[in-house]
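Geometric and topological summary
These are the residues of each chain, in order.
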Amino acid sequence: MSIVSAQGSMSPTERRASFSIAGIFSTRMLGLFMIFPVFALFAEAEFSEVTGLQIGIAMGIYGLTQALLQIPYGMLSDKYGRKPLMILGMVVFMVGSVICALADSIEMMIIGRAIQGMGAVAAVLMASVADLVTEKYRLRALSIVGITIGLSFTLSLIAGPVLASLFGVRGIFWITGLLAVMGILLVIFALPKIENQTFQREAGTDTSQFGEILRDKQLLRLDLGVFILHAMLTAMFIVVPLALRDGAQLDVLDHWHVYLPVMLLSFVLMVPFIIQAESRDRMKPIFAGAVATLALVQIGFMNFQEGFWVLFGLLLIFFTAFNLLEASLPSLVVKLAPADKKGTASGVFSTSQFLGAAVGGALGGYFYQYYGYNGVFIFTTLIGALWFIAA
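Residues numbered from 1 in each chain as written. Predicted model: local features only at pLDDT ≥ 70, side-chain atom pairs only at ≥ 80, totals over all residues. Heavy atoms only, no water.

1. Digging into the overall build of the chain
Broken down by element type, the chain carries 13 helices and 0 strands. When the helices and strands of the chain are listed from N to C terminus, the series reads α-α-α-α-α-α-α-α-α-α-α-α-α. Across its three principal axes, the chain shows a C-alpha extent of roughly 60 × 50 × 40 Å. The buried share of the chain, reckoned over its 391 residues, is 55%. Considering only residue pairs separated by 6 or more positions, the chain has 84% of its internal contacts joining residues 24 or more positions apart. Carbon and sulfur atoms make up 68% of the accessible area of the chain, which amounts to about 16400 Å² in all. (Helix = DSSP H or I, 4+ residues; strand = E, 2+ residues; numbered from the N terminus. Buried < 20%, exposed > 50% of the residue type's maximum accessible area, 1.4 Å probe, protein only. Contact = heavy atoms within 4.5 Å. Areas by Shrake-Rupley, 256 points an atom, 1.4 Å probe, with all protein chains shown as cover.)

If you want it as structure tokens, here you go:
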């Protein structure tokens, strides 16, 4: 049976592959990010003498192990098959979640988060898209995956506070373990059988191409950008939950009252900018403007720490710029990378993103520990300004 349907659209097999891969991605995204809005509050209450640095490391260390193992997982999947590596990665992710749920110290929590990141199946999933979807519809499949990832991140910010109020933060980690089981079931029963596994340069990472990709100044600027974007996000979430509790006088149960409208409105507000950038060829000024906005809003957080509507407005501006850049950066990498090196360029880009989360968590925690709330935003302002100069 041909993979391409007679009507010229994605075949049932391609649609099934696209949505099952998106579902597997979403189980991991929810598991990793549901703790972001609540972890700092939990850690301060749960672990005696916990430091800001330890909180930051616990939040971001998944990015370090993810960055280190993403490419090895992809290479092993070329040799041993995609599905076995996906299942291995989800099992490792589940083990890390259980360790976090049972952690009786911040050190054990850090180990659990590191093991969660060791289930680094992102590169394997992207390679599976190339295996199961013909080139004609691959961009559409990747768009489905990308939209799902974005929605999962949004849902995680809303679900985290609600689930924490119902089951506690440890309950979130147990739920994360169940999500890993769901991911394994999707791999076994929903993902189509991969019969013709081949290395696709536009979807796979070729280590022999690293040198050329790392010498490309345009791609390096984009790698720096996603590194800073996720460093900023992780550092901010060390103190934003504290600001909502102390500055906006919101119980953790009610934090979703901020995150839900902020995320929905930010998606609406970014659309006109994307249309301007794409249809009127104004990507550069809009991109640079979004980076400048990110840096400036950090100054706002530094100076205006109290009041529900103040924090709501600052978060809305931040996430409008964040979502615009998060959507633009991967497409720019694909657009600027040579045709036979797109997979390698995307691999370096993803690794930069994960490393950004790790560094942002560690340095954000350090600045919070030694310089307090404002110290975190001095750090994020400086890296935002650095990105603007580079961009």
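2. Side note on unusual backbone geometry
We note that Glu49 has phi near 55 degrees; this positive angle belongs to a residue other than glycine. Looking at the element boundaries, Glu49 is found in the loop between helix H2 (39-46) and helix H3 (52-80). A positive phi is found at Gln249, a non-glycine position, where the angle reads about 55 degrees. With respect to the helices, strands and loops of the structure, Gln249 is situated in the loop between helix H9 (217-246) and helix H10 (256-279).

3. Quick word on the side chain of Thr65
Among the secondary structure elements, Thr65 is positioned in helix H3. Residue classification places Thr65 among the buried positions, given a relative accessible area of 13%. Sequence-distant contacts of Thr65, that is, excluding residues within four places in its chain, are made with Ala114, Gly117 and Met118.

4. A look at the packing of helix H4 (residues 82-102) against helix H6 (residues 122-132)
Packing of H4 against H6 brings their axes to within 10 Å, and their N-to-C directions diverge by 155 degrees. Put simply, H4 runs roughly antiparallel to H6. Both H4 and H6 take part in a crossing whose hand is left-handed. When H4 is examined against H6, the residues Arg82, Leu85 and Met86 are found in contact with a partner set consisting of Val124, Leu125, Ala127, Ser128 and Asp131. Its residues assigned to classes, the contact of H4 with H6 comprises 5 nonpolar, 1 polar and 2 charged. (Axes fitted to C-alpha atoms, helices over the stretch in contact; angles between N-to-C directions. Parallel < 35°, antiparallel > 145°, perpendicular 65-115°, else oblique. Left-handed = near helix turned anticlockwise from the far one by under 90°. Nonpolar A, V, L, I, M, F, W, Y, C, P; charged D, E, K, R; others polar.)

5. Here's the deal with the packing of aromatic side chains
Counted according to the given criterion, the structure contains 24 aromatic pairs. Between the aromatic rings of Phe36 and Phe237, the centroid separation amounts to 6.0 Å while the plane-to-plane angle is 55 degrees, which identifies the pairing as tilted. Of the two residues, Phe36 sits in the loop between helix H1 (12-33) and H2 while Phe237 sits in helix H9, which places them 201 residues apart along the sequence. On the basis of relative accessibility, which here comes to 1%, the residue Phe237 falls in the buried class. Their ring planes at 35 degrees and their centres at 6.1 Å tell us that Phe237 and Tyr259 sit as a pair that is tilted. Taken together, the residues span a long stretch of sequence, with Phe237 in helix H9 and Tyr259 in helix H10 at a distance of 22 residues. The same class applies to Phe237 and to Tyr259, which are both buried. Taken together through their ring pairs, the aromatic side chains of Phe33, Phe36, Tyr62, Phe153, Phe237, Tyr259, Phe318, Phe319 and Phe322 make up a single cluster. Geometry around Phe93 places Arg28 over its ring, the cationic atom sitting 5.4 Å from the centre. (Phe/Tyr/Trp six-rings, centres within 6.5 Å; stacked < 30°, edge-to-face > 60°. Lys NZ or Arg CZ within 6 Å of the ring centre and 35° of its normal.)

6. A word on the side chain of Gln66
By secondary structure assignment, the location of Gln66 is in helix H3. Judged by relative accessible area, Gln66 falls into the buried class, the value being 2%. For Gln66, the contacting residues outside a window of four places in its chain are Arg28, Leu32, Gly117, Gly119, Ala120, Val121 and Phe354.

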